[in-house]
Amino acid sequence: MFQKKKDKLFVTDDRLDSVAVIMDGNGRWAKRRMLPRTAGHVAGAKNVVSVLETFRKIGVHHVTLYAFSTENWKRPQEEVDALMNLIYQYLDTVVIPRIRDDGQFSVVFLGDKSPLPEKLREKCIEVEEMAKGRPFICNVALNYGGRDEILHAANRAVADGHKEITADVLSSYMYTSGSPDPDLLIRTGGDLRISNFLLWQCAYSELYFTPTLWPDFDEGEIMKAVNDFYGRKRRFGGLDKEEEQTE
Ligand code: FPP
């Protein structure tokens, strides 16, 4: 179990340093309220700040959010445009002031920025350039696909003259290069799949699925996921110490 400090704040240890989240369920959240899907994305974006704050408060240093996949372009143009605008607004009005006023926080985008609307692409670069390598890093997967990332990394390694592609070489060409692999992958919204997210990096991540819709995924829900994680035995393909002794 994880530690409880005097001030009753739960704090993770180095077993839980990196968390990835598939933020699913915005559309259904809106539908249940008879609202348009875009209202669900607005509620989802609002929830991003409090979720990041909670993770930071409990001692997690890397959070990777799946904001827009390479497949999400298939959605109606109206929804794609609304998402692009929302992400732009969020970066401009919430993220930039945060990075400026809080010395602890930096943002990295994972994915190919070139198909993004120019205004958003420039905003992403501005956000990345504002601060690098701070203690709390939020990776935002935007126009991201796991297969796409692996192919992109392999092609770049070959183009750079690598004759043999080892795991370390490939990792160094990933969008996530330099970030630890997720210890825990959370998916909200009830579906039990990974949807092309961090395929390489999640090889040994613990998976946690919850039916809770993303806009409702609050501190209590985070704590359920964290508690569940601390109940798991991670063996990374090896054996437990106890299992070794009984051999
Ligand atoms: C999935 O819900 C959610 C998305 C495709 C978009 C996620 C985006 C946000 C939470 C907003 C902005 C994010 C940032 C980082 C500022 P869905 O639409 O597939 O929901 P459904 O399965 O209920 O239809």
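Residues numbered from 1 in each chain as written. Predicted model: local features only at pLDDT ≥ 70, side-chain atom pairs only at ≥ 80, totals over all residues. Heavy atoms only, no water.

1. Some points on the site of the ligand
1) Next: Taken together, 17 residues form the shell around the ligand, and within it Asp-24, Gly-27, Arg-28, Arg-37 and Arg-75 come nearest.
2) Next: Within the contact set of the ligand, an oxygen atom lies 3.1 Å away from a backbone nitrogen or oxygen of Gly-27.
3) Next: One nitrogen or oxygen atom from the side chain of Arg-75 is found 2.8 Å from an oxygen atom belonging to the ligand.
4) Next: Surface burial for the ligand is 91%, taken as the share of its 630 Å² of free accessible area covered by protein chains.
5) Next: Elements with a minimum of two residues in the shell around the ligand: α1 (26-32), α2 (37-58) and α3 (77-101).
6) Next: Examining the composition of the shell around the ligand, we find that four residues originate from one element, α2, more than from any other. (Near = heavy atom within 4 Å. Polar contact = N/O pair within 3.5 Å; in protein donor to acceptor, adjacent residues only side chain to side chain. Areas by Shrake-Rupley, 256 points an atom, 1.4 Å probe, with all protein chains shown as cover. Helix = DSSP H or I, 4+ residues; strand = E, 2+ residues; numbered from the N terminus.)

2. Observations regarding the side chain of Gln-201
1) Next: Residue placement: Gln-201 occurs in the loop between β7 (184-187) and β8 (206-209).
2) Next: Gln-201 sits in the buried class, given a relative accessible area of 3%.
3) Next: Here the side chain of Gln-201 touches Thr-176 through a polar contact of 2.8 Å, side chain to side chain.
4) Next: Contact partners of Gln-201, with chain neighbours within four places excluded, come to Tyr-144, Glu-149, Met-174, Thr-176, Asp-181 and Pro-182. (Buried < 20%, exposed > 50% of the residue type's maximum accessible area, 1.4 Å probe, protein only. Contact = heavy atoms within 4.5 Å.)

3. Notes on the nonpolar core
1) Next: The biggest cluster of nonpolar side chains holds 49 residues, and the ones touching the most others in it are Phe-55, Val-107, Leu-120 and Ile-186.
2) Next: Counting residues per element, this core draws most heavily on α3, which supplies 11 residues.
3) Next: The contact partners of Ile-186, leaving out residues within four places of it in the chain, are Val-19, Ala-20, Val-21, Ile-22, Phe-55, Tyr-208, Phe-217 and Ala-225.
4) Next: Among the nonpolar cores identified, the runner-up in size contains 11 residues, and Leu-110, Tyr-175, Leu-185 and Cys-202 belong to it. (Core = buried A, V, L, I, M, F, W, Y, C linked by side-chain atoms within 4.5 Å.)

4. Concerning the pairing of strand β4 (residues 62-69)
1) Next: Of all eight residues that make up β4, seven are buried, and the element is covered over most of its length.
2) Next: Direction of pairing for strand β3 (residues 18-22) relative to β4: parallel, over a ladder of five bridges. Bridge pairing in β4 links Val-19 to Val-63.
3) Next: The pairing of β4 with strand β6 (residues 136-144) spans seven bridges and is classified as parallel. Across the sheet, residue Thr-64 finds its bridge partner in β6, namely Asn-139. (Pairing = 2+ DSSP bridges.)

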